[in-house]
Amino acid sequence: MATIRGHQTQVKTLQNGQPVDIVTVTSFDAKQDATFMRSKFVGNPVPEGDVAEEGWSGTMEMETQDAHLEDLVDALVTQNLNGVGVDQVQIVDTENYSDGTNRSYGYFDVQCKMSKKAWSMSDKVKKTLDWQASGRLKL
């Protein structure tokens, strides 16, 4: 089976179930947040392992062509500061495999923060969306 490449995956961001028009994603990463633990019992020479599931987190880096990401972040910040219910953000990650099948995961209850890089005249302006999610569902 062949390994897939970046053009065989898509990442979509949703705000209250509606697509946010962010199409210039240059990298996406997601990682499972979890803490390993070991219980050590008297009389047992081998500890018992466990893991505490804590959700998911990651980053999306994108080139800047418009203000769609800014609009999303500004709306979330304003709502948060006003103390009202913040819009729901979801991320959908789809992998298209070389055998014609695909798999999609939806990350839910997503919180975000943004950063920006603007270096020199010849470099592209890039923004990074750092995110954390309460969970992930297979779609």
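For the structure, check the block above.
Cut-offs and rules
- Residues numbered from 1 in each chain as written.
- Predicted model: local features only at pLDDT ≥ 70, side-chain atom pairs only at ≥ 80, totals over all residues.
- Heavy atoms only, no water.
- 1 Å grid on protein atoms, 1.4 Å probe; cavity = no way out; pocket = protein on both sides within 12 Å on 5 of 7 lines; lining within 4 Å.
- Points joined across faces, edges and corners; volume = space filled by probe spheres on them.
- Helix = DSSP H or I, 4+ residues; strand = E, 2+ residues; numbered from the N terminus.
- Nonpolar A, V, L, I, M, F, W, Y, C, P; charged D, E, K, R; others polar.
- Pairing = 2+ DSSP bridges.
- Axes fitted to C-alpha atoms, helices over the stretch in contact; angles between N-to-C directions.
- Patch = residues over 30% accessible without salt bridge, like charges linked within 9 Å, V, L, I, M, F, W, Y side chains within 5 Å.
- Areas by Shrake-Rupley, 256 points an atom, 1.4 Å probe, with all protein chains shown as cover.
- Salt bridge = Lys/Arg side-chain N within 4 Å of Asp/Glu carboxyl O.
- Lys, Arg positive; Asp, Glu negative; His and termini not counted.
- Charge placed at Lys NZ, Arg CZ, Asp CG, Glu CD.

1. Some words on empty space enclosed by the protein
Over the atoms rolls a probe the size of a water molecule, and its path tells where empty space is left.
Working step 1: All told, the structure shown has 1 cavity of 30 Å³ or more when counted by the stated rule.
Working step 2: The computed volume of the largest cavity comes to approximately 90 Å³.
Working step 3: If you trace the largest cavity, you find it lined by Asp-21, Ile-22, Val-23, Thr-24, Met-62, Glu-63, Thr-64, Gln-65, Asp-66, His-68, Leu-69 and Lys-127.
Working step 4: Contributions of two or more residues to the lining of the largest cavity are made by strand S4 (48-63) and helix H1 (68-82).
Working step 5: Class assignment for the residues of the lining of the largest cavity results in 4 nonpolar, 4 polar and 4 charged.

2. Focus on the sheet that holds strand S2 (residues 18-20)
Working step 1: Taken in spatial order, the 7 strands make up an open sheet running S2-S1-S5-S6-S7-S4-S3, and their pairing is antiparallel. Looking at the sheet topology across the chains shown, the edges are occupied by S2 and strand S3 (25-39). The average undirected angle you get between the axes of adjacent strands in this sheet is 35 degrees.

3. A few points about a negative patch on the surface
Working step 1: On the surface, a cluster of negative charge is made up of Asp-21, Asp-66, Asp-71 and Asp-74.
Working step 2: For Asp-66, the location among the structural elements is in the loop between S4 and H1.

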